[in-house]
Structure formats: C-alpha cells, structure tokens
Amino acid sequence: MSARIVITGAAGFIGSHLAETLLDRGHHVIGIDNLLTGDVANIAHLSNRDFHFIEHDVTNYIYLDGPVDVVLHWASPASPIDYLEWPIPTLKVGALGTHKALGLAKAKRARFVLASTSEVYGDPLEHPQTEQYWGNVNPVGPRGVYDEAKRFAEAMTMAYHRYHKLDAKIVRIFNTYGPRMRVRDGRAVPNFIAQALRNEDLTVYGDGNQTRSFCYVSDLVDGVLRLMDSGENEPVNIGNPQEMTITQIAEQIITLTGATSQIVYLELPVDDPKVRQPDITRARNLLEWEPKVPLAAGLERTIDYFRQKLANVDASR
Ligand code: UDP
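To start, this report covers the structure provided alongside it. (Residues numbered from 1 in each chain as written. Predicted model: local features only at pLDDT ≥ 70, side-chain atom pairs only at ≥ 80, totals over all residues. Heavy atoms only, no water.)

Quick look at the overall build of the chain
Within the chain one finds nine helices and 13 strands. At 19 Å, the chain has a C-alpha radius of gyration in line with the 20 Å of a compact globule built from 317 residues. Principal-axis analysis of the C-alpha atoms places the extent of the chain at approximately 55 × 45 × 40 Å. The 317 residues of the chain split such that 55% are buried. (Helix = DSSP H or I, 4+ residues; strand = E, 2+ residues; numbered from the N terminus. Rg over C-alpha atoms; globule rule 2.2 N^0.38 Å. Buried < 20%, exposed > 50% of the residue type's maximum accessible area, 1.4 Å probe, protein only.)

As structure tokens, then:
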C-alpha cells in the first residue's frame, strides 16, 4: 500500500537514499531539510517523481497539511567535523528537532523512526556492542554534543512511545559509506577516497589501530526499511559487523584506486572511539536482515561516484 512518508534530513547522504528507495517502492515522500550539511544536488533527480521538498529547520514547528503515515527523523550533522563546527545546531536538532518530529508523528498518528547512532555507545568498554550496552560517553567532550543529543533523542522517542503510545522505532546506525557522501565530509572513507584519487597522502589519525565496521548504504537502507515495517519498538543496531583497523581500510582504498599515495599519521581526535563493531543478532532475528554488499564492491561504487564528483569539483577550480 502506498504511504505518505516524511523524511527530515532528506537532502543528506542517507536521507536521500531513503527517499529514493521509498519512491521506488511506490510511496509519496515529503523531504524536509535546512541544507546545513545536506545538499539539493542529492535530491535533484527526484524532482519529477512523487517527491515534495520543503526547506525548513526542524528545530522549529513543522506544519504539514494532510495525512502522514510515517516520519523518518534523519536530520542532524553526522560527521565529527560537522558537529565540531556546528555544536549548538547539532544539540538543537537532536533535542528540539526530535521533539518537533515526534510531535508531528503524534498529531498525524504516524509511525516514527529515529536515526540514532553507534555513538550512543561512546568509546565502548563492551565489544562488540549489543543494544543492551549503555555506553561510555564523555558528556562534556567535543563529541558529547552529538552523542548526548542522540541519547536524549532516544529517551524522548521512548517517552513518546510509552506515554503517547506512538509506534516509534530506534535504529542505531553504525559507520555507513557510499555515493553522495561529500568530498569534504571529513569522515574516513570519503576523506581517503578523495585523497587517493588526487594521489595525496591519506591522513590516518592516531596509530591507525582503532577499528570500525563499514556498511554500504543500500544495506543500511534495507535494514532501516525492514525496521520501519516491523512491530519492533526497542533499539536495533544496523551495521556491517566486518571489523577492520583504519590503516587497513586506508590501504584497501589505495589498492582499489591504484593510487601512488602514502599514509601519514596525524593526531587522534579527542574521545575518538578505539573500537566499534555492531552485534546484529537482533536485526538478524527480528528483521531477517544482514548486510550483503562486500566491502570491495561497495568501495568500488563509492570510488566511481567520487571520480565523477572530483572531476566536476576540480574542473571548476
Ligand atoms: N579517521 C582518520 N582519517 C581521516 C578521517 C577519520 O584516520 O581522514 C579516523 C577517525 O579518527 C576514526 C575513524 O577514522 O578513528 C572513523 O572516523 P569517522 O570520522 O569516519 O567516523 P567515526 O566512526 O569516528 O564517527
């Protein structure tokens, strides 16, 4: 059945992929974004489809006419360099923006899905991370603005679920990569790919032995939409459990691009988590979901996207 679905943060990396997949499935999508870190280029190709875009900051009241079946609350800066540059907007969208998005879902009796994050686990003392783990977060460190905003957003979402009986879901998204990440995104995969394609040194922070587990965006979207369609109301991790060191992924990107780049080691950012790997037992059991795209295939597609994007960026210099 065709639904009317609101996506906050629809012009962002994951938001735009969600919008496109939902349109492919025959739904009507209303995308909202204030374009702080999102980009209309990510949704330009959706303009002739059943897609309506509203430029709006969701920390302010969201007024929409007509019925809404689902609200997907994706709006937030999500790269460490973004929340260092925009600490207060990051706190506001996680807190006030989540409140407004929940209020919209409540008013429309819509289902609600919160984009939460593995950052709620902080620099984890349990490994891999299950949804039962409460985390190890520094509230006053530079990353605290994102981590605590998302932890507050989870608390608010559960309160609306318990008190207002809202059908709310929480997805804890682990590191995700793919086309439509920005050239200047600041996160490891887009940084390394852009650097490799320009034959510049790859900037690994710290000793490069910290680990992450990278999920290709189409797998992530599939998991999110399965959760949206499920009867589950407790948090679910969605991510790829294949863990590696940051040096390993940098080396793989050098190999796949054929770059002559070297790796340089720079200072580790404050509170950078030392390990991260999702335990996806709940997603496997509840959603019959697991990631399918192998790392090399996902990286190839992302490298192709960046090749084209950089050709445009570098040509316009
Ligand atoms: N990182 C790096 N070089 C970069 C960007 C990131 O070594 O140019 C490291 C970062 O310090 C972290 C890991 O890669 O240990 C993943 O960082 P990212 O910003 O992608 O996301 P995070 O998982 O920290 O939210």
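Notes on the site of the ligand
Taken together, 18 residues surround the ligand, and among them T203, Y205, R212, D272 and R276 come closest. E119 is positioned such that a nitrogen or oxygen atom in its side chain is 3.5 Å from an oxygen atom of the ligand. Between the ligand and the protein, one listed contact pairs an oxygen atom with a side-chain N or O atom of N175 at 2.8 Å. Of all the secondary-structure elements, those providing two or more residues to the shell around the ligand are α5 (188-197) and β8 (202-205). Partitioned by chemical class, the residues of the shell around the ligand number seven nonpolar, five polar and six charged. (Near = heavy atom within 4 Å. Polar contact = N/O pair within 3.5 Å; in protein donor to acceptor, adjacent residues only side chain to side chain. Nonpolar A, V, L, I, M, F, W, Y, C, P; charged D, E, K, R; others polar.)

Remarks on the packing of aromatic side chains
Throughout the structure, instances matching the rule amount to five aromatic pairs. Taking 4.4 Å as the distance between ring centres and 5 degrees as the angle between the ring planes, the aromatic pair formed by Y83 and Y146 counts as stacked. Pair noted here: Y83 is in helix α2 (residues 80-85) and Y146 is in helix α4 (residues 144-164), with a separation of 63 residues, a long-range link. Across this residue pair, the class does not change: Y83 and Y146 are buried. Ring plane angle 40 degrees and centroid distance 6.1 Å describe the contact between Y121 and F174, whose orientation is recorded as tilted. Placement of Y121 in the loop between β5 (111-117) and α4 and of F174 in the loop between β6 (168-173) and β7 (176-177) is noted, with a sequence separation of 53 residues between them. A relative accessible area of 1% places Y121 in the buried class. By relative accessible area, which is 2% here, F174 ends up buried. Ring pairing ties together the aromatic residues Y121, Y133 and F174, which thus form one cluster. (Phe/Tyr/Trp six-rings, centres within 6.5 Å; stacked < 30°, edge-to-face > 60°.)

A few points about the sheet that holds strand β4 (residues 70-73)
Taken together, seven strands build an open sheet; the order of strands is β3-β2-β1-β4-β5-β6-β11 and the sheet is parallel. If you trace the sheet from one side to the other, it starts and ends with β3 (51-55) and β11 (236-238), each paired once. Taken over all neighbouring pairs, the strand axes of this sheet differ in orientation by 20 degrees on average, direction set aside. Sheet analysis places strand β1 (residues 4-8) next to strand β2 (residues 28-33), joined by five bridges and oriented parallel. The residue of β2 that forms the bridge with R4 is H28. (Pairing = 2+ DSSP bridges. Axes fitted to C-alpha atoms, helices over the stretch in contact; angles between N-to-C directions.)

Considerations on helix α1 (residues 13-24)
In this model α1 runs 17 Å from its N-terminal to its C-terminal C-alpha over 12 residues, within 8% of the 16 Å that 1.5 Å per residue would give. Counting buried positions along α1 yields nine of 12 residues, so the element is predominantly enclosed. When α1 is considered as a whole, its buried residues turn out to be F13, I14, G15, S16, H17, L18, A19, L22 and L23. Looking one or two places after α1, you find G26, whose phi comes out positive at around 90 degrees. (Expected span 1.5 Å × (residues − 1).)

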